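Okay, here's what each chain looks like letter by letter:
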Number of protein chains: 2
Amino acid sequence: MTALHTTRRLRPVALLLSALLPCLAFAQAVEPVDLDVVAQIRHEAFNRSQVAANLKELTETIGPRLTNSPAYVRSSEWARGKLTGYGLTNVQDEVYDEAFGRGWEFRASRVELLTPRELPIHALPKAWTPGTDGPVEGELVRATFKTVEDIEKQRGKLAGKIVLLDEARAYKPADKPDFRRHTEEDLGELQTFPVPEDRDPEAQNKRLDEYRKRQELVRALNTFFAEEGVLATLSISSWDNGIVRVMGGGGRKAGDPEGVPDLVVAAEHYNQLVRAVDNEQAPRLRVDVQARFTSDADLPATNTFAELRGTSKANETVIIGAHLDSWHTGTGAADNGAGVVVMMEAMRILKAIDARPKRTIRIALWGGEEQGLHGSAGYVAKYLADWPAPTDPEQIALPRAFQRGTGPLQRRAGYDRFSTYFNFDNGTGRIRGIYAQENHAAVPVFRAWLEPFADLGATVVTTRNTGSTDHISFDRVGLPGFQFVQDPADYFSHVHHTHLDTYDHVVPDDLKQAAAIIASFAYHAAMRDERLPRKPFTERDE
Amino acid sequence: MTALHTTRRLRPVALLLSALLPCLAFAQAVEPVDLDVVAQIRHEAFNRSQVAANLKELTETIGPRLTNSPAYVRSSEWARGKLTGYGLTNVQDEVYDEAFGRGWEFRASRVELLTPRELPIHALPKAWTPGTDGPVEGELVRATFKTVEDIEKQRGKLAGKIVLLDEARAYKPADKPDFRRHTEEDLGELQTFPVPEDRDPEAQNKRLDEYRKRQELVRALNTFFAEEGVLATLSISSWDNGIVRVMGGGGRKAGDPEGVPDLVVAAEHYNQLVRAVDNEQAPRLRVDVQARFTSDADLPATNTFAELRGTSKANETVIIGAHLDSWHTGTGAADNGAGVVVMMEAMRILKAIDARPKRTIRIALWGGEEQGLHGSAGYVAKYLADWPAPTDPEQIALPRAFQRGTGPLQRRAGYDRFSTYFNFDNGTGRIRGIYAQENHAAVPVFRAWLEPFADLGATVVTTRNTGSTDHISFDRVGLPGFQFVQDPADYFSHVHHTHLDTYDHVVPDDLKQAAAIIASFAYHAAMRDERLPRKPFTERDE
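Just so you know, these numbers come straight off a predicted model, no measurement behind them.

About the criteria used
- Residues numbered from 1 in each chain as written.
- Chains lettered and ligands numbered in written order.
- Predicted model: local features only at pLDDT ≥ 70, side-chain atom pairs only at ≥ 80, totals over all residues.
- Heavy atoms only, no water.
- Contact = heavy atoms within 4.5 Å.
- Buried area = accessible area lost by both parts, 1.4 Å probe.
- Salt bridge = Lys/Arg side-chain N within 4 Å of Asp/Glu carboxyl O.
- Helix = DSSP H or I, 4+ residues; strand = E, 2+ residues; numbered from the N terminus.
- Nonpolar A, V, L, I, M, F, W, Y, C, P; charged D, E, K, R; others polar.
- Buried < 20%, exposed > 50% of the residue type's maximum accessible area, 1.4 Å probe, protein only.
- Phe/Tyr/Trp six-rings, centres within 6.5 Å; stacked < 30°, edge-to-face > 60°.
- Lys NZ or Arg CZ within 6 Å of the ring centre and 35° of its normal.
- Domains from an automatic or database assignment.
- Polar contact = N/O pair within 3.5 Å; in protein donor to acceptor, adjacent residues only side chain to side chain.
- Pairing = 2+ DSSP bridges.
- Axes fitted to C-alpha atoms, helices over the stretch in contact; angles between N-to-C directions.
- 1 Å grid on protein atoms, 1.4 Å probe; cavity = no way out; pocket = protein on both sides within 12 Å on 5 of 7 lines; lining within 4 Å.
- Points joined across faces, edges and corners; volume = space filled by probe spheres on them.
- Expected span 1.5 Å × (residues − 1).
- Parallel < 35°, antiparallel > 145°, perpendicular 65-115°, else oblique.
- Left-handed = near helix turned anticlockwise from the far one by under 90°.
- Least-squares fit on C-alpha atoms with pLDDT ≥ 70 in both.

Draft legend 1. Representation of the interface of chain B and chain A in the model. Each partner contributes residues to the interface: chain B has 50 residues there, and chain A has 50 residues. For the chain B and chain A pair, buried surface summed over both sides reaches about 4,400 Å², with 48% attributable to carbon and sulfur atoms. Three residues, Arg107, Arg110 and Asp504 of chain B, lead the burial of chain B against chain A; their summed loss comes to 17% of the area buried on that side. The salt bridge involving Glu118 of chain B is made with Arg107 of chain A; its shortest N-O contact spans 3.7 Å. Looking at the side of chain B that touches chain A, the elements that each hand over two or more residues are α4 (51-62), β2 (104-115), β3 (119-121), α9 (267-278) and β9 (284-293) of chain B. Among the elements that line the side of chain B that touches chain A, the one with the most residues is β2 of chain B, at seven residues. Each residue belonging to the side of chain B that touches chain A can be placed in one class, and the counts come to 16 nonpolar, 17 polar and 17 charged.

Given below as C-alpha cells:
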C-alpha cells in the first residue's frame, strides 16, 4: 500500500487494488485521484496550518456566537475578512431568514443558596431568557408541569418564588473513558448496515403532535410564570460531573412570551436544592442573571459564503460547510468552531496550492444550525429545492424541517448544477471515514478519495446514515450531502452544548488532518468528469 | 466456600482452608471468627442502615466542615447527638490543639471577564483567604513567583491588578473511565510488595528544605500582595473538565499574613485568561468573593469521641475513625463524610446487636486532617506516644508530622493498652481488602476476618503500605493503624478536594458494606485474646 505514495497517478495502483479487492472491483470504474495535488494539500495543511490560530481568535477574541447575537455578527465579519485575505471571491453574507429572531447575550449569573446553609450554585441561563435586573431573592419551591392543565393547579401559588421544574436525578457513573478514539472494532461495527425499521406514519404523527404540545406548553408556561410573578425557574443539567449543559428557552421571536429568568443548574447542586425542598428546610435562593435582548424586533439572519471559482464548469458547485453559530455558555469551540476553521482552512489550502478546480468550490458558514438547521435549509430552499410552503397554520407553526409541503418537490435552477456538500460538525475528533448515507454509487468514489489518507487514520466508508447537522438539508431533497465519521473524543461526554465547549478541548492536529482530507475531497469532487452520483430519492409521504 | 455461611464457628472451615492454602498454613494459629456476630452485623447493616440518611444530614443540612468553621462546630454537635442516641458512652469533644487557627467560611464568589469580551469565570476561593468586600475590578496581569527574590522584580507593578500566578496548562484527555471498580488484575497487582528504596536522608532534608522555602515564599507573597494593593490572585485548578479543586491559602493562624482574595479557576477558563493577557488584549476582570474570618484569634480545635465500653479488658482500646473536617467548596461527602457515617454506623450496629466486646471500642472523628492529620496526631501524642518536642525554631515551624523530636519516643500509659486503629478515608469506594502496612503477623488475622465478606467483594490483604490519612498517626509511633483497600470510584477523577465532592457522588451501598466489615473488624479486634500483633518499630533517624 505504501507504493501508492510514490506513484504519481493512482490509476495503475487502483487497478492493482481492484485485483486485491475483488468484491469491490467488478464493474467499478476506476476513480482517479491526483496524488500530486494530495501531496501539496497535505504539505500545506501540516506545515502552514492556520487552524489553531483561527480557532483561538474565533472562540476567545470573539467568543460564543448565538445566532443574531452581537458576537455572531462579529464572527461573520471576521470570517469574511479571513476568507477575503485568502484570495477567495464572492465573499458575502446572505440573509436566509428576514425575521429569524431577536438578538440576545449574557455576561454572568450568580446563584446562591442562602438558607438552610450558604452554598454557591453553578447555574447558567438558557438563551433568549430575560436577566434579573439585579439580584432577586425568594423561597425555593418545586412544581412539575407535564401538561397545560398543570398550570391551573399552581396558579396563585408561585408569586415571588423560585421554582425547581425537574425531579432530582441519580448520579450515573461514567464507565467509559471521557476522551475516546474509535477502535478498529468500532470502525468495523460502523461498516455494518442495520436494515431500517418500517416507516410508521402513526408514530411520526404522534411525535409531531408531542412536539406541538411541548411547544404550546413552553409558551403557556412562559406566559404563566411572568403573569404569576415567578422570580426564576431552574432545571437540572442533563449531564453529571458539574457540567452545565444549556440551550435555549424564553422567547427568541419578537412577540413570543419571554418568560422569567430560566437557568440550568449543575446536577450535583440541583439535587441538593430538591432535597432541601423535600426536607422542608424552607430553602431560600438569591439569583442574579445579567442577560439582555439586544433587539426588540426580529433581526434578519445570515449565512456567510466565499468561493474558489471553477474553470470549465464554474456554474456547477461543490459546497463545504460548517455552522458558525453556537450556544452561549462555552465558546462554541468543538460545536462548531472546529468545523468553521477546518472549512476555512480547506479553502485556504486550495487557494495556497493554486488549485484550479473545474467546478466552483463554495464554503458555507451557516447560521441558525442550533435552532434547527435554519441557515442551510434556507439556502437549499432558495437555490436547490423545496416543497411548496404549507398553508395549514398547524404546519406553519412547525420548524421548517418538520413541515409537510403542499405538493411535490420544486427543483430550482441550481439542482442539476449541484454536485455535493461536505459537512464537519462532530467536535474535534479526527476524520476516520465518511457516512455515505446509503449512496452506494458514491462508496467506491469515497474509498478512492480516502485511500491517500489511510496513514492518517481515515479508512472507513460506511453506507450508514448520520443526522443532526447541516448535510441533512441537502440529503432530504435528494442531493448528496455528507458528514464525516469522526473520533468521538469528549464530544458527548463533556463539550456538546456545555460550558466546557472551549478551545482547550479541541486538538489542533485533528483539525489539520480534517482540513487536508476535506480540501482533497472538495478538489476531487470539483475535478470529477461527472457530478457525484445521486441516490434514489423518494418524495416525502404527503 | 459458601459452606462457610452455614457453619456456626469458623474453626473447622479455617482448618480446611489451611489445608487448601498450604503456603499460608504452616505454623499459623487459627484465628477465630464469630459467624453468629458476623451474621447479626450484616443483617443490621443491610436492613436498618442509617448511612444514607446520616450522610445527607451531614453534608446537606450542615454542609462542608472546614476545621474551626461554624459548620465544623455544628457537625461535631450533630455527631455527638447521634452517637448519644445510639446509646454509646463517653460521648465528647476533646481539644487537640488550643490554638489551631481561625474560623473561616465563604458563601459565594463571582468572577467575570469584562473585556475583551464578557465571560463568566468559574472560580472558588482558597480557605482562609479574605473576601473582596464587594465587587472589585482590575486589569489582569501575569506574574510568576518561584523564589522570594522574584517578589522584588514585581514590586510597584501590581497595585490594583488581578494577578494570574500559574502558566496555562494543556488539556489532558482522560483515557480511563471516570468511575472505576478494582479489577481482579488490579487486586492481584496490589498483593505484590515492591521492595522499598534505600532511605536517603539527603533527599529527605532537601524535601524539608523545599517545604520550608515554599512556606516562606507563601508568607512573603501574602505580605507582598497585601502591601502592594493587589486586588486578587488566581491559580489554575489542578484538574481539567471544569472541576475546581481548592484547598487552603491565606492565613489560618492569627498573625499570619492573610494575603488578598485568592481563587482557583477552572482550567478551561484559566487558560483563556492567560491567552488574553499574552495576546495583549488588556483583559479586565471583576471579582466578588463573599468570604470571612469568623474569629480574629486562633480557636481551640477538637476531635469527637464515643465509646462502646469493653467488658473484661475495658481499659484496652480498639479505635475506629475518620475525619470530620473537610475542604469547603463541595460538601465533603466522599472526603470524608463517607468515613464519618461509616464509622458511626459501625458503632450503631455493634450497639444495636448488643455486642459485648472485651476491649473498649472507641470511635474517633478527627479534626484538622486536611491540614496535616492534626487531630489524630494530637490524640496519639497525648495518649499513646510522642517524641520530645523540638527546640530548634526551624523544626518548630514545621508541621508536627515533619518535626524531629529531640530524643527517643516517649510511650504514654495508653501505649501498651492500645490494640489497633482502623480508618476509612478513600472516598465512597467499597472495601476490597486492607493494607497490612508490612505487619506480617496481622496478615493471617485479617484474612480470617475478611473471609465472611468475600461475597461482598472484600478479599485482599496486601502487605503494602498506604498513607495520607489518619492511620499514619498511629503507624508512625509503631502502633497498628490501618486503612482499607477501596474501589477507586471517582475519587481521584472528580471529587478529591473539589467542588464536586457532594452527596450524589457517594454510593450508599458501598458504605453499608464498609460499615459491616468495620463493625466486624472492630468487634473481632476487641474480642481477641491478644492485642493485634505489632510490627518491628524503628525509631526515626535522629
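Draft legend 2. Layout of the environment of Val277 of chain A. Residues and elements named next belong to chain A. Take Val277: it is sitting in helix α9 (residues 267-278). Judged by its relative accessible area of 19%, Val277 falls in the buried class. Each residue touching Val277, except ones within four places of it in the same chain, is listed here: Leu140, Val141, Arg142, Leu164 and Pro283.

Draft legend 3. A look at the packing of aromatic side chains. Residue and element names in this part refer to chain A. In total, this model carries 50 aromatic pairs over all chains according to the counting rule given. Between Tyr379 and Tyr383, the ring centres sit 5.0 Å apart and the planes meet at 45 degrees, which makes this aromatic pair tilted. Here the residue Tyr379 and the residue Tyr383 both occupy positions in helix α11 (residues 374-383), the gap between them amounting to four residues, near one helical turn. Judged by relative accessible area, Tyr379 falls into the buried class, the value being 6%. Note on Tyr383: relative accessible area 30%, which makes it partly exposed. Put simply, the rings of Phe305, Trp366, Tyr379, Tyr383, Phe418, Tyr421 and Phe474 pair up and form one aromatic cluster. Over the face of the ring belonging to Tyr415 we find Arg411, whose NZ or CZ atom lies 5.0 Å from the ring centre. In this arrangement the basic side chain of Arg534 is found over the ring face of Tyr415, its NZ or CZ atom lying 5.1 Å from the centre.

Draft legend 4. Region of interest: the domain arrangement of chain A. Residues and elements named next belong to chain A. For chain A, the assigned domains read domain 1 (54-102 + 298-315 + 332-527) and domain 2 (104-175 + 218-293). Taking the mean C-alpha position of each, domain 1 and domain 2 sit 34 Å from one another. Taken together, the 23 residues of domain 1 in the interface contact 19 residues of domain 2. Of the roughly 1,600 Å² buried between domain 1 and domain 2 on both sides combined, carbon and sulfur atoms contribute 55%. Three residues, Arg102, His497 and His499, lead the burial of domain 1 against domain 2; their summed loss comes to 41% of the area buried on that side. For the pair domain 1 and domain 2, the interface holds one salt bridge. Ionic pairing is found between Glu258 and Arg102, a salt bridge with its closest N-O pair at 3.0 Å. Joining domain 1 to domain 2, the criterion identifies ten residue pairs in polar contact (both at pLDDT 80 or more). If you list the elements that add at least two residues to the side of domain 1 that touches domain 2, you get β1 (89-101) and α15 (491-495).

Draft legend 5. Here's a closer look at the sheet that holds strand β1 (residues 89-101) of chain B. Residues and elements named next belong to chain B. A sheet is described by the order of its strands in space; here eight strands give the open sequence β1-β10-β12-β11-β15-β18-β16-β17, paired in mixed fashion. The outermost strands of the open sheet, each flanked by one partner alone, are β1 and β17 (460-462). Here the strands of the sheet are splayed against their neighbours by 25 degrees on average, with no regard to which way each runs. Sheet topology note: the strand β16 (residues 431-435)/strand β18 (residues 481-486) ladder contains three bridges and is antiparallel. From the neighbouring strand, Gly433 faces β18, where its bridge partner is Val485. Against the sheet, helix α5 (residues 70-85) touches β1, β10 (299-308) and β12 (359-366), its axis set at about 165 degrees to β1. The sheet strands contacting helix α11 (residues 374-383) are β1, β10, β11 (313-323) and β12, and the helix crosses β1 at an angle near 105 degrees.

Draft legend 6. Structural detail: empty space enclosed by the protein. Under the criterion given, the structure shown has ten cavities of 30 Å³ or more. Roughly 310 Å³ of volume is contained in the largest cavity. Along the wall of the largest cavity there are 26 residues; nearest its centre are Ser109, Ile121 and His122 of chain A together with Ser109 and His122 of chain B. Contributions of two or more residues to the lining of the largest cavity are made by β2 (104-115), β3 (119-121) and β4 (123-125) of chain A together with β2, β3 and β4 (123-125) of chain B.

Draft legend 7. Layout of the sheet that holds strand β12 (residues 359-366) of chain A. All names here are of chain A. Here we have eight strands laid out as an open sheet, ordered β1-β10-β12-β11-β15-β18-β16-β17, and mixed in their pairing. Strands with a single pairing partner mark the edges of an open sheet, and in this sheet they are β1 and β17 (460-462). Taken pair by pair, the neighbouring strands of this sheet meet at an average axis angle of 25 degrees, ignoring direction. Bridging between β1 and strand β10 (residues 299-308) involves seven bridges; their strand directions are antiparallel. Bridging across to β10, Asp97 finds its partner in Ala301. Contacting β1, β10, β11 (313-323) and β12, α11 crosses the sheet at an angle of about 105 degrees to β1.

Draft legend 8. Molecular detail of α11 of chain B. All names here are of chain B. Judged by how many residues are buried, α11 sits mostly within the fold: eight of ten residues are covered. Those residues of α11 not exposed but buried are His374, Gly375, Ser376, Ala377, Gly378, Tyr379, Val380 and Ala381. Those residues of α11 that are buried lie in contact with β1, β10, β11, β12, β13 (385-386) and α14 (471-475).

Draft legend 9. Here's a closer look at helix α8 (residues 201-228) of chain A. Residues and elements named next belong to chain A. Compared with the 40 Å implied by 1.5 Å per residue over 28 residues, the 40 Å span of α8 between its first and last C-alpha is a close match. The inward-facing, buried residues of α8 abut α6 (149-154), β7 (232-236) and α12 (393-396). Positioned one or two residues after α8, Gly229 has a phi angle of 80 degrees, which is positive.

Draft legend 10. The arrangement of the pairing of strand β7 (residues 232-236) of chain B in detail. Residue and element names in this part refer to chain B. With five of its five residues buried, β7 lies for the most part within the structure. Covered by surrounding structure in β7 are Ala232, Leu234 and Ile236 together with Thr233 and Ser235, the residues of both alternating faces. Pairing between strand β6 (residues 161-164) and β7: three bridges, direction parallel. Within β7, the residue paired with Ile162 across the bridge is Ala232.

Draft legend 11. Examining the packing of helix α3 (residues 35-47) of chain B against helix α10 (residues 333-352) of chain B more closely. Residue and element names in this part refer to chain B. Between α3 and α10, whose axes approach to 9 Å, the crossing angle comes to 120 degrees. Taken as axis vectors, α3 and α10 run oblique relative to one another. When you trace α3 past α10, the crossing you get is right-handed. Counting all contacts with α3, which are made through Ile41, Glu44 and Ala45, the residues of α10 involved are Glu345, Arg348, Ile349, Leu350 and Ala352. Across the contact of α3 with α10, the residue classes tally to five nonpolar, no polar and three charged.

Draft legend 12. Local environment of the relation of the copies chain B and chain A. Aligned on chain A, chain B shows an RMSD of 0.0 Å; the corresponding rotation is 180 degrees and the shift along the axis is 0.0 Å. One copy is carried onto the other by what is essentially a two-fold rotation axis. By C-alpha distance to the rotation axis, the residue of chain B lying nearest is Pro177 of chain B, at 1.9 Å. Mapped onto chain A, 100% of the interface residues of chain B again fall at the interface, so both copies present the same surface.

Draft legend 13. Representation of unusual backbone geometry. Cis geometry marks the peptide bond from Thr115 of chain A to Pro116 of chain A, where omega comes out at 5 degrees. Assignment of secondary structure puts Pro116 of chain A in the loop between β2 and β3. Between Asp335 of chain B and Asn336 of chain B the backbone carries a cis peptide bond, its omega angle lying at 10 degrees. Structurally, the position occupied by Asn336 of chain B is in helix α10. Positive phi, close to 70 degrees, is recorded for Ser468 of chain B, a residue that is not glycine. Within the fold, Ser468 of chain B resides in the loop between β17 and α14. Owing to a relative accessible area of 70%, Ser468 of chain B belongs among the exposed residues under this scheme.

Draft legend 14. Focus on the environment of Arg74 of chain A. Here Arg74 of chain A shows up in helix α5 (residues 70-85). Each C-alpha atom of the pair Arg74 of chain A and Ala436 of chain A lies 35 Å from the other, and the pair is 362 residues apart in sequence.

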